[in-house]
Structures are given as C-alpha cells and as structure tokens.
Amino acid sequence: MTSPAQLDFNLQPLLEELDQDELGQFKSMLRSFPLQEAFHQQELPHAEMEQANGKQLAEILINNCHSYWVEMAAIQVFEKMNRVDLSERAKDELRGKEDKFRITLKKKFRQIWKSSFSPGAIESFHIVAQRYKMLIPFCNPKVLTGPFPDTVVLQGPAGVGKTTLAKKLILDWTEDNLTKTFKYAVYLSCKELNQMGPCTCAELISKDCPELQDAIPEVLTQSQDSLIIIDGFDELRFPPGALIRDICGDWKKQKPVPILLSSLLKRKMFPRATLLITTRPWALRELRLLVEQPLLIEMEGFLEMDRKEYFLKHFQDEDQALRAFDLMRSNAALFSMGSAPMVCWIVYTCLKLQMEKGEDPTPTCQTTTSLFLHFICSQFMPAPDRCPSHCLQAPVKALCLLAAEGVWTRISVFDGEDLKRLGVKESELGPFLDKNILQKSKDCEGCYSFIHLSVQQFFAAVFYVLGSEEEEDRESHSGNIGDVQKLLSKEERLKNPILTQVGYFLFGLSNEKRDRELETTFGCRVSREVKEELLRWKLKADENKPFSVTGIKEVFYCLYESQEEEFVKEAMAHFKEMSLKLKNETDIVHASFCLKHCQNLQKISLKVEKGIFLENDTSLESGCQVERSQKDQRILPFWMDLCSMFGSNKNPIFLEINQSFLSDSSVRLLCEQIASATCNLQKVVLNNILPASAYRDFCLAFSGQEILTHLTLQGNGQNDMFPLLCEVLRHPKCDLQYLRLGSCSATTQQWGDVFSVLEINQSLTCLNLTANELLDEGVKLLCTTLKHPRCYLQKLSLENCHLTEACCKDLSSALIISQKLTHLSLAKNELGDGGVRLLCEGLLYPDCKLQTLVLWNCSITDSGCNHLSKLLQQKSSLTHLDLGLNHIGITGLNLLCEALKEPVCNLKRLWLNMDESDIQMQKLLEEIKGSNPQLTIENDNQDPRKSRLSSYDFLL
C-alpha cells in the first residue's frame with residue numbers, strides 16, 4: 001500500500017453529497033478510469049469500494065492512490081456525471097494551491113530583484129531585459145498563436161543581463177504577464193544548484209516551494225503547461241562527459257544535480273515543457289549535445305546608445321559625460337566590455353573621480369589594464385581613518401588566489417568549501433566587500449562573487465605578478481592553476497576562453513609604473529620575473545612557422561596593453577617578416593605602437609580593409625563629411641607612426657600592399673617616408689590599391705631611389721601613372737632590375753612610351769607584363785625596343801596579353817637580333833601552330849640567346865611539335881621548354897621524341913600535358929629518358945605559377 005495521499009481539496013464532503021445511485025455511478029466510472037504507470041500505482045480494491053460509503057471511499061482512494069491521480073480522476077468523473085458543481089468546488093480549492101505556489105515564488109523573486117542591483121543599476125538592467133524579452137516568442141504578444149519553440153537559449157557574455165531577464169520572466173509569470181499561459185514555472189540557478197547534493201527530480205523542481213512536491217505527477221503529465229528556466233548553464237560544475245552519461249527518466253530516483261539537469265534538457269523528464277536556458281557562448285558546444293533544435297537568442301547587453309545614455313544620466317555635467325563616453329569608445333576592447341552595465345559603472349566611477357580631481361583621464365582609458373588598475377587602486381587610496389597598505393597584503397593575496405582558481409575552474413561563485421580548500425578566511429574578504437569589488441551572492445547563502453567577470457580576471461592576472469613570498473603560498477594551493485606558459489597557450493584558451501583576458505591583463509601588468517602602483521596600494525612585492533616568462537611566450541616565431549595574421553594581431557594587442565617600450569623592443573626583436581591585415585582603427589593603433597619598436601623587420605605585407613580611411617569613400621552620404629573628417633584626423637597620427645618605420649628603421653627592404661583601401665592623406669604620409677633618404681626599401685609590391693591615384697603618388701616617391709631594385713604595380717586599371725613611371729625609369733639614379741605591370745588599362749601609345757624608355761634605362765633586366773591587354777600592336781612596339789642595342793632586358797613575360805599568331809613574326813625578328821634576352825613567356829595566348837612556326841624561324845638563328853621558352857596553353861597541336869622538333873635537332877640555345885596544357889597527342893610526342901634522342905639537343909627540362917594511363921605514351925617517355933638521361937620531363941598536373949621553374953623565372 002502506498003503512503004496516504006495529501007489531497008489539495010477535501011474529497012470526503014464532496015462524495016457525501018452524492019446519493020446512493022450517484023455514488024454507485026461514481027464507483028463504476030472510477031473503475032474504468034486508467035491507472036497511470038508514472039505513479040507506480042497498484043490495482044484498486046474493488047470489493048472494498050463496492051461496500052464503501054462516501055467517507056469510506058474517500059479513505060480507500062487516499063490510502064491506495066497517488067494524490068494527483070485521485071484529484072484528476074474525481075474531477076473528471078464528477079464532470080461526466082454532470083455534477084459540475086462538485087468539480088468546480090474541487091477546482092477552486094486546487095486554484096488556491098496554485099496561487100500559493102505563485103505567491104511563494106513572487107515573494108522570493110521580488111526580494112531577490114530588489115537586492116540584486118547596486119543603486120541606480122536596476123533601471124539599466126531593466127532596459128536590457130525588456131529589449132530581449134520581446135525576442136522570446138512566448139513573451140511577445142505579436143506572436144499570437146505560435147507554435148512556440150520548446151527550447152530557447154539566451155547566450156551572451158558575462159554581465160549583459162541574462163540572469164536578470166530570467167528572473168524577470170519568473171516575476172512576470174507570477175503576475176500573469178507572459179503571452180503564453182503556463183500553469184507552473186520553475187527557476188533553477190546553476191550557481192545555487194552547485195551547492196546541492198544528490199536529490200530526486202521532485203526535490204529539485206520543488207526546492208523553492210516544498211508544497212509543489214506532491215504536484216510533480218501533475219506537472220509531469222501536463223508538462224506542456226510548464227516553464228522551466230535553467231539559469232547559468234556555463235556555471236554548472238560537473239566532471240567531463242558526466243552530462244551525457246547515466247541519463248535518468250525516474251523522477252523519484254536520487255541522482256547528482258548535473259545528471260538531473262541533463263535529463264531535463266534531454267527531455268527524459270517533463271518532455272513537453274518549455275525550457276529556457278541562459279549561458280555564456282563558450283558552453284554552447286556542451287549544451288548543443290543535450291538540446292534539440294533550440295532557438296538561439298544572442299544577448300548583446302548595452303548597445304552603443306545605451307552606453308552613451310548611461311554616462312549622460314550619471315554624470316551631472318554633459319561635457320564630462322560625452323568626454324567619458326568618447327574615451328571609452330576610443331578603446332575597442334573596453335568599449336566591447338561596456339556591453340555589461342557593471343563595466344559602464346566601473347568606467348564611470350573611475351573617470352568621474354579623476355575629473356573631480358582635475359586629472360586627465362585620457363591615459364587611464366588608453367588600455368583596459370590601466371582603467372581597471374586605476375579603478376581598483378582608487379578604491380584603496382590612503383586616508384586618515386584607513387589602515388596602512390600593508391594591512392591589505394593578506395586580503396589581496398586571498399582575493400587573487402580566489403580569482404585565479406575561479407578562472408581556471410570556470411567558477412564565479414565561491415562557497416565556504418571553496419574558501420576552506422584554498423585556505424582563504426572570510427574575514428580577509430572584508431575590505432573588498434566594503435568597496436563593492438566582491439559581493440555576497442543573493443541566491444546562495446554564504447557564497448561570494450566578483451561584481452563582474454572582468455574584475456575577477458584582473459585579480460587573476462595580479463595573482464601571477466605577486467612576489468616570492470606570495471609565490472610560496474601560490475604553490476601550496478594552486479593545483480588547478482596553470483603557470484604563465486599554460487595560461488598563454490592556444491590549447492588552454494580554446495578550452496577555456498575566460499583565460500584570454502587574464503593573459504591580456506598580465507601583459508598590461510608588465511609595466512613598471514603600474515607595478516609600483518600595485519605595490520604602493522597593497523603593500524605587496526611585485527615579481528619582475530613574469531616579464532621574462534611573457535617574453536618566452538611564442539613571441540619568438542619559429543623559422544618554419546611564422547605567425548599567422550590573427551596570431552600577430554594578438555601579439556600586437558598584448559604588447560600594446562603593456563605600454564612598456566623597452567619590453568616591446570625586446571619582444572619584437574625576433575620578428576624579421578610579418579603579414580598584417582588591418583581591419584579597423586584598433587588594428588592600426590596597436591600595429592603602429594609595435595612596429596615603430598621593431599628594429600629587425602625586413603619584410604612586411606599589409607592589407608588595409610575598407611572603412612578605416614574615409615576621405616575617399618564615395619559610398620558614404622555627403623552629410624557624413626564632418627564625421628568622416630574627424631575619424632581620419634583621429635587615425636592619421638597612428639598611421640604616420642606606422643609608416644615612420646620605413647624612414648627611421650634601415651632594415652625593412654620588402655614592402656607589399658595588397659587589396660587595400662587607402663586615402664589621399666594616408667598615401668601621402670606613406671610616400672613621404674618611402675621617399676626619405678633613410679628609406680632602404682629594395683622590393684615593393686602594390687596590388688589592387690584604392691584610390692587609383694595612389695599609383696601615381698608612389699611613382700613620384702620612387703623617382704631617384706637608388707636602392708629600389710624590384711617593383712610590382714598591378715590592379716585597378718591604373719594608367720595615369722605611366723608618365724611618372726617613365727620618369728622613374730629615365731632617372732639616372734634608377735637601379736630598378738625587375739618591373740611587373742599588371743591589369744593596366746594603358747593605350748598602345750602609353751605602352752610605347754614605357755618601351756622607348758627601356759632604350760635609355762640600363763638597369764632593368766626583367767619585365768613582367770602578365771595579364772595586360774597589350775595586343776599585337778603593343779608587342780610590335782616592344783620588339784622595336786628589344787632590337788635596340790642598349791636594351792638590357794633578359795627576361796620577358798607576355799603571359800595572357802591577348803596575343804595572336806600575328807605578333808610572332810615581330811618576336812621572331814627580335815629573338816634574332818637581341819643578344820641579351822634569355823627567357824620568354826608567351827603562356828595563355830592564342831598563338832597556335834602558325835605562331836610556333838614563326839618563332840622557330842628566329843630561334844633557329846645561331847645568334848639567338850633564348851634559353852627558356854614558355855608556351856603553356858597556347859593552342860599548340862602535333863603540327864606545332866613538328867616545328868619544335870626541327871628546332872631541337874639543330875644546335876639551339878634552348879634549354880627549358882614548357883608545352884603544358886597543349887594537346888599535342890601521341891603524334892606530337894613522337895615528333896618531339898625524335899629530336900630529344902639526338903645528341904645535339906640541349907634541352908634540360910620539358911613540361912608536357914601527359915596522360916599517365918596511356919601505355920604508349922609512357923613507353924615513349926621511357927625511351928626518351930633512356931636515350932637522354934640529362935633531360936627532366938615533368939607532367940603538367942599543377943598550377944605552373946606555383947610549381948614550375950618556367951614561371952618562377954618571371955616572378956618577384
């Protein structure tokens with residue numbers, strides 16, 4: 001027999017109102033009412049029931065059946081008997097039970113709501129909560145009928161209002177302010193649940209209202225009418241893999257809390273309930289293993305307008321408010337943190353104090369570390385009624401240990417057990433509780449948390465810089481805490497993203513001035529050895545694995561955070577080449593600070609994305625002119641610092657700028673440094689740069705440069721640079737040896753001007769004109785230059801220049817006369833077999849010096865191979881021939897084979913388009929190799945520009 005049920009309405013008087021016939025009808029209908037397996041219910045004692053009166057029947061049911069089954073069965077039987085008066089009386093008593101549950105929750109959450117916020121903060125969080133509440137379908141009246149998603153996940157960084165919204169939803173439920181009507185609502189805080197031992201699901205669900213425990217079967221069977229909120233999934237403590245093992249569907253069975261929660265999420269219990277889960281982004285991967293098809297809502301917290309409004313409201317002076325807002329916005333990392341209202345309060349508190357003292361707050365906002373350090377230290381400034389700073393040594397050590405342990409174990413709420421395990425006394429936390437740096441948890445009694453995750457991360461960084469005495473204490477309690485190298489390792493930060501900001505703060509604390517401020521405030525010795533550990537972090541790029549673009553950006557951010565010039569010089573000393581992608585103003589600020597201290601850099605590649613320089617941005621509305629000008633004026637000094645490396649540092653010899661959106665002013669500043677007497681650039685590549693006028697400015701800067709030997713100008717169809725380019729080549733000091741011009745929209749006359757200058761210039765030996773519409777007319781002018789006795793070109797690429805057979809006669813003539821041209825690429829031109837015939841006529845002349853000929857993808861067939869075969873059987877100077885991507889067939893190969901077997905053939909390397917499955921072709925190749933072992937034949941199965949010597953000859 002089950003234990004006597006506690007009904008939420010009095011059944012006996014209701015049954016006693018039935019006459020004898022009605023009571024018999026009640027018993028008969030009750031026997032046909034299905035028993036619920038979920039209630040582990042035994043068969044009804046029908047014989048006893050048959051003889052029982054109303055009072056006795058009530059006792060039998062209460063003693064043998066689960067309370068919810070009795071309530072549900074009695075109400076439905078009364079309604080089928082048309083005794084609606086009795087079913088309504090029972091329902092009225094049940095509503096009283098529901099109201100009691102609502103009242104209990106309302107009282108609890110109203111108290112939590114009032115005590116959860118610092119003065120003035122409730123309004124800030126309310127703004128965020130209301131905005132994101134409307135994104136939740138069951139809260140938005142515009143979503144009229146649904147269907148509503150069963151699982152909603154609110155994800156966002158720490159402190160943006162996820163928990164506030166979760167608690168507000170419970171409050172709204174108690175006041176019937178949700179669009180969808182839920183009979184039950186349950187709030188489960190993972191921070192609080194971490195303190196609970198194993199329990200049943202019934203105990204878990206009813207923890208806020210024990211009276212609800214008896215109604216669990218009802219909640220289970222009508223779970224579609226229930227809202228379950230799981231707040232702070234990322235805070236849940238559980239062993240790896242525990243959430244997907246031992247899933248439980250028995251609501252009466254005791255299990256560890258994480259198992260019960262995962263069973264709820266996997267819908268083994270309360271399968272049709274509406275679930276709302278809040279979490280930080282890094283825990284989404286684990287959560288996705290447990291929930292199906294969730295609606296993901298990203299909470300961003302304070303938007304830019306909210307942050308501005310916050311300062312305008314809290315500063316009494318509007319000018320001060322706007323200045324503070326601009327200072328925070330000037331630091332992208334700090335401004336991003338400002339999405340959390342608590343960080344806005346920290347910035348406001350810090351800057352307001354400085355402004356009241358008449359101090360300049362600009363340096364404070366320069367880095368995130370300086371802001372947080374100033375905020376913390378300003379809370380403990382010496383005063384007559386305060387203890388000396390040495391009294392804070394033990395408290396700050398305890399706090400830092402707590403913070404470090406928390407970030408490594410992903411804990412933000414610390415209970416008595418945590419304090420005991422770490423050897424931290426509650427009394428030591430007093431000074432930080434008094435200053436609102438640490439706070440007592442409103443949800444968990446005897447628990448503590450930092451006012452925001454960023455404050456915890458800051459003190460975790462301080463943990464690493466505490467000196468030798470503190471270090472001994474660290475060793476005895478740091479089982480979960482990794483060393484500096486582990487903290488900065490990519491693997492650890494991928495597993496635990498919270499560590500990333502700790503690393504940034506640690507670099508920020510490698511500043512001697514800041515170290516002294518810490519020592520003065522807390523009386524603790526700061527270790528200088530940490531700097532050495534930071535330098536050992538992967539700042540020394542491996543020779544075979546240089547930093548990636550994202551890697552170097554992080555290095556720059558870390559070094560900028562330090563603001564320690566000597567430290568940056570030492571760190572940057574290992575860099576000899578790097579590739580930078582500048583996406584925003586912050587990237588330029590960080591890069592300029594680091595690069596001006598990079599003394600050994602030899603090669604740099606830059607990509608400047610659209611939106612940094614706005615001066616020439618025609619996509620912006622004309623009304624934005626003032627804002628555009630202000631942004632450029634703000635960023636140009638940093639750009640000038642970055643460019644100064646080319647004038648002040650003699651090591652950079654290679655500059656590459658790709659796919660970049662510059663401006664007239666930024667180009668002018670760069671060109672001033674390139675044109676300076678101290679600039680040592682030898683190789684410059686400019687590829688697809690806007691504005692197009694930049695090419696003209698660069699040519700002006702290059703004029704008279706004695707050191708520049710390699711120059712590439714390509715993209716954007718620039719042609720107004722040609723007159724200035726001619727001046728560069730004509731200058732007596734010009735020592736340019738390699739010139740590549742690509743994708744130019746020049747006229748035939750402009751090409752002719754450039755070519756005629758080559759009769760004067762005596763330094764240029766390699767000209768690459770790949771991908772230009774040079775056409776046959778342009779080649780005719782070029783050949784005139786090639787024939788000139790003072791033309792010194794040795795290597796010429798005319799790949800993809802829209803050439804035909806018609807130009808080959810001029811080229812052939814030039815090959816006969818030119819005594820210097822040794823390499824010629826005519827790849828990707830429709831020359832055909834007729835073009836090959838004309839070229840071979842020139843190549844047959846004994847005075848021809850050509851050694852490398854690239855005819856890749858030139859529409860050559862076996863007929864063209866016939867001409868080439870005759871050429872190779874003569875004593876030709878040709879040693880390298882590329883016939884790749886030409887379909888010469890087995891006949892063409894046979895013709896070549898005859899020539900290649902001849903002892904007079906000088907060919908050393910041949911590229912062919914070969915079918916490796918063709919047995920006849922393979923046999924021919926074997927014959928060639930046997931008769932000519934000095935010859936290397938390569939199959940055309942890769943991009944020749946990446947794999948072939950025939951292409952490398954013409955590349956920078």
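Residues numbered from 1 in each chain as written. Predicted model: local features only at pLDDT ≥ 70, side-chain atom pairs only at ≥ 80, totals over all residues. Heavy atoms only, no water.

### Observations regarding the overall build of the protein chain
When helices and strands are tallied, the protein chain shows 45 helices and 21 strands. For the protein chain, with 956 residues in total, the buried portion stands at 54%. Long-range contacts, defined as pairs at least 24 residues apart, comprise 78% of the intrachain contacts of the protein chain with a sequence gap of at least 6. Accessible area of the protein chain: about 41,500 Å², with a carbon and sulfur share of 48%. (Helix = DSSP H or I, 4+ residues; strand = E, 2+ residues; numbered from the N terminus. Buried < 20%, exposed > 50% of the residue type's maximum accessible area, 1.4 Å probe, protein only. Contact = heavy atoms within 4.5 Å. Areas by Shrake-Rupley, 256 points an atom, 1.4 Å probe, with all protein chains shown as cover.)

### Comments concerning the confidence of the model for the protein chain
Interpreting fine coordinate detail is not advised for predicted regions of low pLDDT. With 88% of its residues at a pLDDT of 70 or more, the protein chain shows a mean pLDDT of 86. When the criterion is pLDDT under 50, residues 540-544 qualifies, and its contacts beyond four places in sequence or with other chains add up to four contacts. (pLDDT = per-residue confidence, 0-100.)

### Points about helix α39 (residues 808-817)
Of all the residues in α39, the buried ones are Cys-808, Asp-810, Leu-811, Ser-812, Ala-814 and Leu-815. Taken together, the buried residues of α39 touch α38 (775-786), β17 (823-825) and α40 (832-843).

### Regarding the side chain of Ser-206
Tracing the sequence through the fold places Ser-206 in the loop between α10 (201-205) and α11 (216-221). For Ser-206, the side chain forms a polar contact with the main-chain oxygen of Ala-202, separated by 2.6 Å. (Polar contact = N/O pair within 3.5 Å; in protein donor to acceptor, adjacent residues only side chain to side chain.)

### Side note on the pairing of strand β3 (residues 226-231)
Counting buried residues along β3, six of its six residues qualify, which places the element largely inside the surrounding structure. Alternating residues of β3 divide into Ser-226, Ile-228 and Ile-230 and Leu-227, Ile-229 and Asp-231, and every residue in both groups is buried. Sheet topology places strand β2 (residues 184-189) next to β3; six bridges connect them, and they run parallel. Within the sheet, the bridge partner assigned to Ser-189 lies in β3 and is Asp-231. Taken together, the four bridges between β3 and strand β4 (residues 274-279) define a ladder with parallel strand orientation. (Pairing = 2+ DSSP bridges.)

### Observations concerning the sheet that holds strand β1 (residues 151-155)
In spatial order, the strands read β2-β3-β4-β1-β5; together these five strands make up an open sheet with parallel pairing. Edge positions in the open sheet fall to β2 and β5 (295-298), since each of these has one partner strand only. This sheet shows a mean twist of 15° between the axes of neighbouring strands, independent of strand direction. Along the sheet, helix α8 (residues 162-174) contacts β1, β2, β3 and β4; its crossing angle with β2, the most-contacted strand, is approximately 155°. (Axes fitted to C-alpha atoms, helices over the stretch in contact; angles between N-to-C directions.)

### What to know about the environment of Leu-422
If you trace the backbone, Leu-422 turns up in helix α20 (residues 416-422). Sequence separation of Leu-422 and Ala-398 is 24 residues, and the distance between their C-alpha atoms is 8.4 Å.

### Examining the packing of helix α22 (residues 453-465) against helix α26 (residues 498-508)
Between α22 and α26, the least distance of the axes is 8 Å, while the angle of their chain directions is 55°. As the angle between them shows, α22 and α26 are arranged oblique. The hand of the α22/α26 crossing is right-handed. Only Ile-498, Gln-501, Val-502, Phe-505 and Leu-506 of α26 make contact with α22, whose side of the interface consists of Leu-453, Ser-454, Gln-457, Phe-458, Ala-460, Ala-461, Tyr-464 and Val-465. (Parallel < 35°, antiparallel > 145°, perpendicular 65-115°, else oblique. Left-handed = near helix turned anticlockwise from the far one by under 90°.)

### Re the packing of helix α34 (residues 664-674) against helix α35 (residues 694-702)
For the pair α34 and α35, interaxial distance at closest approach is 9 Å and the crossing angle is 15°. Between α34 and α35, the angle is such that the two are roughly parallel. Crossing of α34 over α35 shows right-handed handedness. The segment α34 lies against α35, with Val-667, Leu-670, Cys-671 and Ile-674 engaging Ala-694, Asp-697, Phe-698, Ala-701 and Phe-702. For the contact of α34 with α35, the residue count by class is eight nonpolar, no polar and one charged. (Nonpolar A, V, L, I, M, F, W, Y, C, P; charged D, E, K, R; others polar.)

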